[in-house]
Every structure is written in structure tokens, then in C-alpha cells.
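Summary of structural features
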Amino acid sequence: MIPAAFEYYRPKDMAGVLSVLVEHGDDARVLAGGHSLIPMMKLRMAEVPHLIDLQDVEGLRGISVDGNTVRIGAMTTQNEIINDDQLVAAAPIMREAALQIADPQVRYMGTVGGNVANGDPGNDMPGLMQCLDATFHLVGPDGEREVAARDFYEAAYMTDRDDDEVLTAVSFSSTVGGYAYEKQKRKIGDYATAAAAVLLVKDGDTCTSASIAMTNLSDTPIYSEAAGAALVGTSLDDAAVSAAIDAMLGDIDPTQDNRGPIEFKRHAASTILRRAITNAWSRT
Amino acid sequence: MNKELSREERTDALGGMGCKRKRVEDARFTQGKGNYVDDIKLPGMLHGDFVRSPYAHARVVSINTDAAMALDGVIAVLTAADLAPLGLHWMPTLAGDKQMVLADGKVLFQGQEVAFVVAKDRYIAADAVELVEVEYEELPVLTDPFAALESDVVLREDLDPTADGAHGPRKHHNHIFTWEVGEKDATEQVLDEADVVAEEMVYYHRTHPCPLETCGCVASMDKVNGKLTLHGTFQAPHAIRTVVSLISGIEEHNIRVISPDIGGGFGNKVGAYPGYVCSVVASIVTGVPVKWVEDRMENLMTTAFARDYWMKGKISATKEGKITGLWCHTTADHGGFDACADPTKFPAGFMNICTGSYDIPTAYLAVDGVYTNKAPGGVSYRCSFRVTEAAYFIERMIEVLAIELNMDAAELRRINFIRKDQFPYQSALGWEYDSGDYHTAWDKALKAVDYDGLRAEQAQRVEDFKAGKTRKLMGIGLTHFTEIVGAGPVKNCDILGLGMFDSCEIRIHPTGSAIARLGTISQGQGHATTFAQILATEIGLPADSITIEEGDTDTAPYGLGTYGSRSTPVAGAATAMAGRKIRAKAQMIAAYLLEVHDDDVEFDVDRFVVKGAPEKFKTMKEIAFAAYNQAIPGIEPGLEAVSYYDPPNMTYPFGAYICVMDIDVDTGETDIRRFYALDDCGTRINPMIIEGQVHGGLTEALAVALGQEIAYDDMGNVKTGTLMDFFLPTAWEVPNYETDHTVTPSPHHPIGAKGVGESPHVGGVPCFSNAVNDAFRAFGLRHTHMPHDHWRIWKTANDLGLHG
Amino acid sequence: MSNKKVFKLTVNGEEQEFLAEPRELLIHTLRERLGKTGPHIGCETSHCGACTVTLNGKSVKSCTVFVAQADGAEITTIEGLGNPDNLHVLQESFKEHHGLQCGFCTPGMITRASKLLEENPNPTEQEVRFGMAGNICRCTGYQNIVKSILAAAAEMNAAKEAAE
């Protein structure tokens, strides 16, 4: 497994990145941790004549928590997410999810930006970002713009990002209440058979806010507004949870692959979501 | 003088058989100083890489190599047309068939070798592969062996459909052989007259040994001296030398095959692959060394697979549960070429050990081999030839019979075991089991896990499940397996006409250290450690003073290699026998030095002593020195021996395994709570290494049972070509195992040892599978096929109505 | 076609400077250019961990890193962890507890374990299993690998305590 040759760029700033992207268009790709792109290049399933390594670009790394706002630079690794105490306090679901991604070595290299921008429906961060109602920060030749995570994904590997734009950061509000990221997979290193991100807020016995997103059960992550709505105003009795699951099942559209047929995936999605809701509720 | 050591102290000082000697191999491996094939770098070495077929069945209309040849750094692009004048575009397989080295007009499986690019480095070679233009014309694809036997599509157009194959008549153009053992009519009559008959189709899916190191070689033709040196990942270096000589015409003395360190084999490295032939040809053509190392996808898609047996079974019993007969018809999917690695007379290996541990008076087995559009192979993945298939079959049939009889499966086994007093036991399918004590092992195992307690817990779990208190079922997997290893007696076991003996040559150095060379080759089993232990005990020199060397055909005596757990039963025996020759000569030297008659000295741990006067002795170290420094009347100088050992029989290791598993019926996830493994491998040479082998074999069994497969779609595309989809468990998915043992020495083996490397795989697979099946028994399940991955378990639960 | 560039690496404390194509995979650089054949190639898709080295303080799978990405980096391979006269505790421990068989995964396994114990000097068995889940072994079933790492941790901690 040997990749085809490419021109390599390691610019120091975003202007340098954009100039290569503008010049080469489709023929240029940015490289973050590389653990999605490089295997595809080695299998010669992705051809990248111009490869722009983002590692030296200023301002793409780091986690900041400013009041209620969490901002994570695109080049921040999964390992950094796991070990950042401030982030764990502000949004513990991030750590819980990151620990379920790939394996230790890959988490040292794999980045938030790569995970969310690639558009691979198997990646865990996109669904999580939709659950958090995160904002993606993009920079292109025409300047900066923001896109809601819930509006970003169009189809497998197709996103709202233009070819000459770079995703530089994600931001979201720190979370309150209960949280859970549940993922069924065949083994360490696998994508989800079904995964659910859940955030719940409780007032007394009543759920006052619920956000639910699912991973690898459609060609994009699925934010299920209806599933969350089914829980709000209830005390999460069986009927409410079942209604939320039914609503989620109405939103997902899984396909058959080596992880199993559609019917199984729908059942697994139900079970995983039930677990996530139960777990999140117990943490409120 | 030193204080005289006690006998025990002298024994301990040897580090001989039975001690947990640390491995001598580990120093280099832990420091990154192993020497594997891809570590070999010879001056001027070129790199080979294959153009492979994207189609499972297609005609090769044309191959254009111009663009590839034009690339700077490309030296050659070989196609079948280039190999044909040398007669090397096809090669013989170990199963008596032939296989294309490079596509000769058509391709029969996805990934088949079409052209071989030779370039200055592997990057250029990979680029050139992309530039070779091949025009294909797609043909109908057959991936199902039953459909292949009905189809008009002819896969092997090179074969005369009316002529016999290597193993007798062929019934259809896609049929390879029929192999029958036992009494067909008598068995069918027993089944007709039986109180109870259980019938089941048991599929053992296609999988792959997938050692962590892939296959590869470095061929180096020295045109000045006419010598070919071939380094490679070979589990049988001498056999490879003979095969290379036969197909290339190079005289065998001009070929040196070297197996360096091997990164795991598990059967994958027994066969001969097109990459070896192409590398040799490329080196002959270019006059410089050529390296070929496959990548992981190539390894999984094209080098030898394992299993793929459809085993239709019937087992009969009295209403009390005494088994009266066993019938099996197997449809064996061999892929595009019959490249199974089995002894010549056994086209389905030792599948006829499928009566297992049970006293079954009448039995019949038939196996039909079939061509399909899948990769060739059919190797024994961590088992003796087709023994995992046999063990899986009988251990599933026992469970199905227990259901039919409404009996406890442990008790059903107990009342049907071959009794200790029946050994040596003649099985209905033709084997003579050398020894065994199954009841003792079984009772020990059941007691160790509190079997009755587990069944009570399981019954409670079923109640809780029915009451809606849990969504997890509990399975208890039982297995009592009998292995057949140590191929084997030359009278009935050969590969390509080479009898399956093995060998050891020992040289004692004057200062009392030694080197021993064997015809086997370690792939992680620790031969350098354990064979030295055998010798230490046999010749009384410390294991630390004995070097063991394997894998170089210029120096090692001829042997058939390491697979099928044959190293200890065969080469281990040769080692002991050669050691005894050394000892016999040492006895004469000692008697001369002690000035007594030969019969008046006896061996005592590390010395010969005068009988009745133990204070008068000569140590083996002193004897070794004497052998080289003084003239002894009637005795040649030196102290060397060689032994070629042809075992009188196979050995029959056995074991009792029990697995306790929780299963989530909604997600299909499994949780192995407990795994108890009792192994009886006869005399135990190094308990530490035995335990390590058991852990490893069980883990490979877990993988196979719970998800590992080579799966194809209807177009013959491999769906599991990388480690994302081909299941190799990590430390996170693997439990801790409890190991235990009994010791029933082999009566015919010089040291009573039987072999152990493969037992845990042979016994482990049915044990994990039985646990899954057992979890659903209370809900009416008879049998569900492996691999038991999440969705298949879920489907089983769903089919049983467990999802409401 | 060739677009070779000069790259610099510090491998096991030694500075290396060479001309290579940017696409060269770090594992090939280490093994073929610099003679560090300890790390191995097992799966090539970043699943097996046989190629694990430490790169700028992180355990990485060097089959999935271009040499260009590693330009300027400090790398430690198994060859840099210890030497015959002064073995790393893990090297001793794997031998003592039979934590290896064919040896092919061992360099990556030990290199990864060294980083794990740096970050978590006193891991539980579950933490070892989780922390080693990026490394596949086909021979041992992991039981003795886990044992080797736990024993090494205990020994390193005892030595640290004795030194204090």
C-alpha cells in the first residue's frame, strides 16, 4: 500500500494554505492528523496531487473555555480533548466520546477538525457536534464564516464547506445537566454500528431540554429534533423514551454493510439510544 | 573443589524438561533485533509487486505493459507470456492440482496475480502497477459451491472434465474430488434403525490465518556460482527447496532456502505462492536479488484461506443417549485452484477424526471438493489438517443430539467418551488413538467451574429474562476435543511424495556445549528454548549451553517443517533419539575413562556413574572433552549424532474446555465471563510456553468464532480485506483464561509428548460457538452458524421471537 | 516525476538528514533508509500498531505518517529504548513473563507500553488493556503482555520509591 506522489506544502499561516487551495482547487487537500486521508491515499482511493499539511499553521490548536463558550481549534487532537480538565468540566460528553474513537495511537494524531470536516458518516464527532448545537468556523478566500453543525452535512463526504475553505475551529456552549455518548462497535478501532449522543436537562422530575444525535446510521450524522422533543416535558417514563426512540427511527436511514443489515441497525440504534438516555438521565 | 551438588540441584542446573525456562529468543525480539524477511536488504536488491485482478472471473483480453516499462526505475514487467517458455506460468499445488502463477488467459478469483512488476524500489513498483493496462471480459461468477456443482459455467477450462483429478473421478466440471471413509451402508442402516437421529448442517465459514507478518521472500540468484538463495517466510523450508528445484530445474544442491525469523505462521506460510516463483524468475532474469513482500490486503485476499466447509451431519443414539452412528457429508469450497495443504493421501486432511472423543461404533464420511471463484488455499489455520473442522462438527453434533434427547450435554459426552481402558482405540473412521483419559479430564473441568452451579444460574437467568428483568442471556459452552497431530508416519503421510518424518543433528563441542539443528522452523513457538530443554535432559548438558538452529537448508538436516503441531511429536522425538545416540557413545567413553565395562556405568542426570559407586563418575562435560582429546580404542573421535524420526503413529492430545458467556439479545454483544481450559498434551516440556500457546490459540479461536471471516459478495468481491473488517481482537476484547492440565503421556513417543500449539484453537472454536448456541437452547434454538458477530446473534434472537 | 526534498529527523538521539520523496511513509524511512528495522509493518491501515514509534512524545503508527509530516521531529524506536547493557524494564519484563512469541508485534508493543507507563505509571489491568488496544498480537492472547506491563510498572514504581 503505497500512495501516489504528491506535492507537499507546510504553510505557516492560513494565507499560505488558501493560496494553494485557490490555485489547485479540487487537486489540493488539507491534511490534519491524516488518519482518515492517508489510508485512503495508500489504497489509492483518494488522489491528492497537492497536499497541504496544517500542522504549522498558527492558531489552529488549543481549547479555550471563555465563560459559557467552548472553542476547540481544528488541529486539536482527540488525546488533547481527553486530557483537558477545563473541557471535561465544561462539556464532559466530549471526553466520553473521544475515548470511544479509534485507539490510543490514532487519538494522538486524529483531530477534531479532520473528524468533523471530512464528512465521513462513520466519524463520531459530527453527531456529537450536532448534539451540542456547535458552530463550525470556516475560512476561505472570501473571509471567515460560520455554519451550524446541524446544517453542515449534506451527504457522505459532502458538506457545506467549499473546496477552497478550511475548517479552523468548532465552538459550542458548555453543557449543563446529564450527558452520554453510547457507541456499539465490533472492536476497538471500528466505526459505530450505532452511536448516540444525548444531552438532557432536568428541573425537578421534568426534562426541560433534550438534544439527541445519532452516528453512522445515515449518510450524514442525524440530529433528531423530534426525538428530543418527545422527552421534553416528561419525566422520562417508558412511554416518553419509547416515543423518542420511535422519533429517532423516523429520522435515520441506515444501509447494510459488514456490521449488519438495516433491520439490525435500527434495532441496535434503538437499544443504544435507550442506554444513552437512561445514562444521561441518571447523570442529571 | 566445589561442594558436591545434590541430584535435584544437578537436575535444576540443566534447565531441562518440565521447567519454566525463559526464552532464549526474547533478547533479540525485545530489542528490535529480530531478522524477518522484510528486514533483509541485499546489495542491488529490486522490488516486485503484483498487478492483480479486480474481477473474480474474467478473461484477460490483453495486457499492455508499455507505460509501466517507460517509468524510470522499472526493470521488468512479467506476464504469463514471459513465464510460459520456462514452463513457469503454472505451478503445482500441494494438493496435486496446478495453479496459475500469472493469469494465463483468465482469472478465477479477485486479487489473482496478473503481472509482476520489478522496479528499483517499492514506490516505483507500486506506481508501475497502476500503469499496467489490462483489458478484461467479465464472466459469470460462482461463489456458492452448491451452485457451482449445478452450473454450466466452467471455471477450470484447462482441465479435461472427463479425466480423473489427483484424487480420483470428478463428477462435474467444477468438482475436484470425492473422498470417502468408513462404512456407508452400515452407517445408513444404523441411522434407519436408531431410536433417535439428530440432523444438522454445520457450516464452518471461510477465514484466514492472518499472521501479523505477511508472506514474502528475497530471491537471489548468484549467476557466477550458479547458486540460488531464497529467504522467505516458509513454514517448511526444505519442502520449498525441493519444490523450487522441481519446477525450476535448478539442482537442489544449488538452492539454499533460508527461513529467518517468522512473524507468525498459523498455516498461512506452508504453501507456495506465485510471489515466490515470480521473485525467483525475476532474480534469474535480472541477476540481482528481488524482494517481494505482500501487503495486508493481498495477504487476506490471495494467500491461503482456511475452512469453508459445509458439513451435513446425522448422529444417532439410543434413547438413553448411547451414540450408535455418525454420518457426514462435507461440501468443501476450495476456490479457483485446489491448493490445500494436506498430506497427499488425505484430500480433506484428517477430517476423519470427526468421531471426536466418543466411542462411535459405526461412521461414514464423504467430502466433495468444489471449485469456485474464490482464492485458493484451504490450509490448516492453527490446527492439524482439517482437524478444527472435524472437532467443530462433532462438538456441534453432540450439542444438537443433546437437544434431541433432551439431555444435559455434559452428561451425554460423559456416557459416550472412549474409556481409558479402550486405548489404544481403533476409531470407526480408521485412526488408532494412542492414549487418553477423557473422563478424568472432564470431571476435573466440570468440578473446577462448578458446572451444576452454572446450570442453576443459567436457569434463573432464563426465568429473569422471561420475566422482563434482564435482556442478557447466559451461555455455557462445553467442548471435549481430541486432536490428531504429529504427521506423521511416512507409511501414510507425505507431501508431494516427501515422507513426513523429521530430523535432528547434534554436535557436541569439546568444552561441553552443543549445537543441534532441526528440520523444523519456529514461528513463535520457542523451539530454541524447548528443544534445548529436551536435549538437556537427554544428554546432561545445560540447556543454556545448547544452541538450536533451524531454517537454513544448507546446514539443517532435511525435515518437513512446522505446522500441524508436528514439531514436538516428530522433531522433538528426533531430538530425543539423536540425544540418546550421543548418550550411547558417551557411555562407552565414560566406561573407558572409568576403566569399567560399558554395562557397569549408568546415566545419572549430567554424568555417567559406576553402578553401585556413585562417587566414581565422569560428567558429560568431561566426556565431551575426552571425545576430542584422546584416542579411545575402538571409538571414533568426536561426539555427534543425527536422527531421522518416522513416528509409528500420530499423537492425540485432548482437552476439556468450558466457556461462560453473557449475550445481549438486543445488540448481539457478547461478554466472556470465564474460560477454563484443561489441556492434556502428554509430557510437558515447558509449562510457561504451553500456557502461552494455550492463551494464543484460544484468542485466535475467539476471533474465528465471534466474527473473523473472509466474506465475499455475489460478484466475488472480498468484503473483509483490511483489519477494519477482518476481526483480530485487541487486548480490550480478550478475557483472561484459566489454564489447567492432566498428563497422559503418549506411549509411543520417546518422551511422551504430544504437541499443544493447536489444541486451544481446535477446542476453543467449538467451545465459544457452543456457548452462543447454548444461550438460546431454552428458547428452541438447535444450531446457528458462525461467525457469531453482533448482527448474526441479533438475528438468531430475532428469529426466535426474543425482540417482542 | 521525483520531487525529493531534504528532511531532518532526530532518531534515538541521532540527527539524520536525507533526501526523500514527501510521500515516503515514516515506517519505510526508519526501516529502509535509517536501518531501524525494529518497528514492523503489519496491516498498513493503522490498525495493528506493529509500526508504533514515539514521535515528539506521542505514540504513533508510523505506517500512517508521511516523512514530510515528521520533518524536524524527534523519534524514538525500540532500538532507542534500551541497549544490551542497559535494557528498559519493559524489555526485561516481557521476557520474564513470556509476553511475546513470534516477536513481530513486540517492538511496537513495548514502545507503546513505555509511553503508556510514562503517562500512567500505576495503571489497573483494565487501563493497560485499554491503553494497549492500538496494538494487535496474534500469538499471546495478550494475557502475558498485560502481566508483563503491570509487572514492569510495579518494578519501575518500586525503583522510584527506593530512589526517593
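Everything numeric here is computed off the predicted structure, so don't read it as measured data. Per chain, residues are indexed from 1 in the order of the written sequence. For naming, the first written chain is A and the first written ligand is 1, with later ones following in the order written. For this predicted model, a pLDDT threshold of at least 70 governs which residues receive local features, and a threshold of 80 or more governs which side-chain atom pairs are given and counted, while totals over whole chains, interfaces and linings are taken from all residues.

Details of the overall build of chain C
If you tally the helices and strands in chain C, you get five helices and five strands. Runs of H or I in DSSP of at least four residues are treated as helices and runs of E of at least two as strands, each being numbered from the N terminus. In chain C, the succession of helices and strands from N to C terminus is β-β-α-β-β-β-α-α-α-α. For chain C, the C-alpha radius of gyration of 16 Å lies close to 15 Å, the compact-globule estimate for 164 residues. Overall, the C-alpha framework of chain C stretches about 55 × 35 × 25 Å when taken along its three principal axes. Partly exposed residues are those whose C-beta has more than 12 but fewer than 20 other C-beta atoms within 10 Å; 20 or more makes a residue buried and 12 or fewer makes it exposed, with C-beta atoms placed from the backbone. Of all 164 residues assigned to chain C, the portion counted as buried reaches 65%. The globule rule used for comparison is 2.2 Å times the number of residues to the exponent 0.38, while the radius of gyration itself is calculated over C-alpha atoms.

Notes on the domain arrangement of chain B
All names here are of chain B. Examined at the domain level, chain B breaks down into domain 1 (7-34 + 502-645), domain 2 (37-139 + 214-262 + 270-302) and domain 3 (305-486 + 650-799). Between the C-alpha centres of domain 2 and domain 3 there is a distance of 37 Å. Two residues qualify as being in contact provided that their C-beta atoms, derived from the backbone, are within 7 Å of each other. Domain 2 puts 19 residues into the contact, and the matching count from domain 3 is 26 residues. Looking at the side of domain 2 that touches domain 3 residue by residue, the classes come out as nine nonpolar, eight polar and two charged. A domain assignment, automatic or from a database, supplies the domain bounds used here. For this scheme, ten residues count as nonpolar: Ala, Val, Leu, Ile, Met, Phe, Trp, Tyr, Cys and Pro. Four count as charged, namely Asp, Glu, Lys and Arg, and the remainder, Gly too, count as polar.

Considerations on the UniProt feature "domain: Aldehyde oxidase/xanthine dehydrogenase a/b hammerhead" (unreviewed entry) in chain B
UniProt positions are given in the numbering used here, feature names are shortened, and annotations may be inferred rather than shown by experiment. Look at the UniProt record and you will see "domain: Aldehyde oxidase/xanthine dehydrogenase a/b hammerhead" (unreviewed entry) annotated at residues 31-140 of chain B. Between the end C-alpha atoms of residues 31-140 of chain B there is a gap of 52 Å, over a span that is 17% helix and 36% strand.

Description of the interface of chain B and chain C
With 42 residues of chain B in contact, the opposing surface of chain C contributes 46 residues. Of all the secondary structure elements, the ones that give two or more residues to the side of chain B that touches chain C are helix H2 (26-30) and helix H18 (687-706) of chain B. Tallying contributions element by element places H18(B) first for the side of chain B that touches chain C, with six residues. Considered class by class, the residues forming the side of chain B that touches chain C number 16 nonpolar, 15 polar and 11 charged.

Quick word on the sheet that holds strand S31 (residues 654-664) of chain B
All names here are of chain B. Pairing is mixed in the open sheet, where four strands are placed in the order S21-S31-S32-S33. Only two strands of the sheet have a single partner each, and these edge strands are strand S21 (472-482) and strand S33 (738-741). The average undirected angle you get between the axes of adjacent strands in this sheet is 10°. Sheet strands in contact with helix H19 (residues 759-775) are S21, S31 and strand S32 (670-680), and its direction is about 145° off that of S21. Think of it this way: DSSP has to see at least two bridges between two strands before they count as a pair. Inter-axis angles, ranging from 0 to 180 degrees, are taken between N-to-C directions of lines fitted to C-alpha atoms, where helices are fitted over the stretch in contact.

So, the domain arrangement of chain C
All names here are of chain C. When cut into domains, chain C gives domain 1 (5-80) and domain 2 (89-159). A per-element tally of the side of domain 1 that touches domain 2 places strand S3 (residues 52-55) first, with three residues. Counted by class, the side of domain 1 that touches domain 2 contains six nonpolar, nine polar and no charged residues.

Structural notes on the confidence of the model for chain C
Confidence of the prediction at every residue is given by pLDDT, a number between 0 and 100. In the predicted model, chain C carries a mean pLDDT of 97, and 99% of its residues have values of at least 70. If you check the scores for this complex, the pTM reads 0.97 and the ipTM reads 0.98.

Things to note about the pairing of strand S5 (residues 69-73) of chain A
Consecutive side chains along a regular strand alternate between the two faces of the sheet. Residue and element names in this part refer to chain A. Direction of pairing for strand S4 (residues 63-66) relative to S5: antiparallel, over a ladder of four bridges. Paired with Val65 across the strands is Val70, a residue of S5. Where S4 folds back on S5, the antiparallel hairpin that results is connected by two residues, among which Gly67 adopts a positive phi of roughly 60°. With five bridges connecting them, S5 and strand S10 (residues 166-173) associate as antiparallel partners. Bridging from a neighbouring strand, Arg71 pairs with Ser171 of S10.

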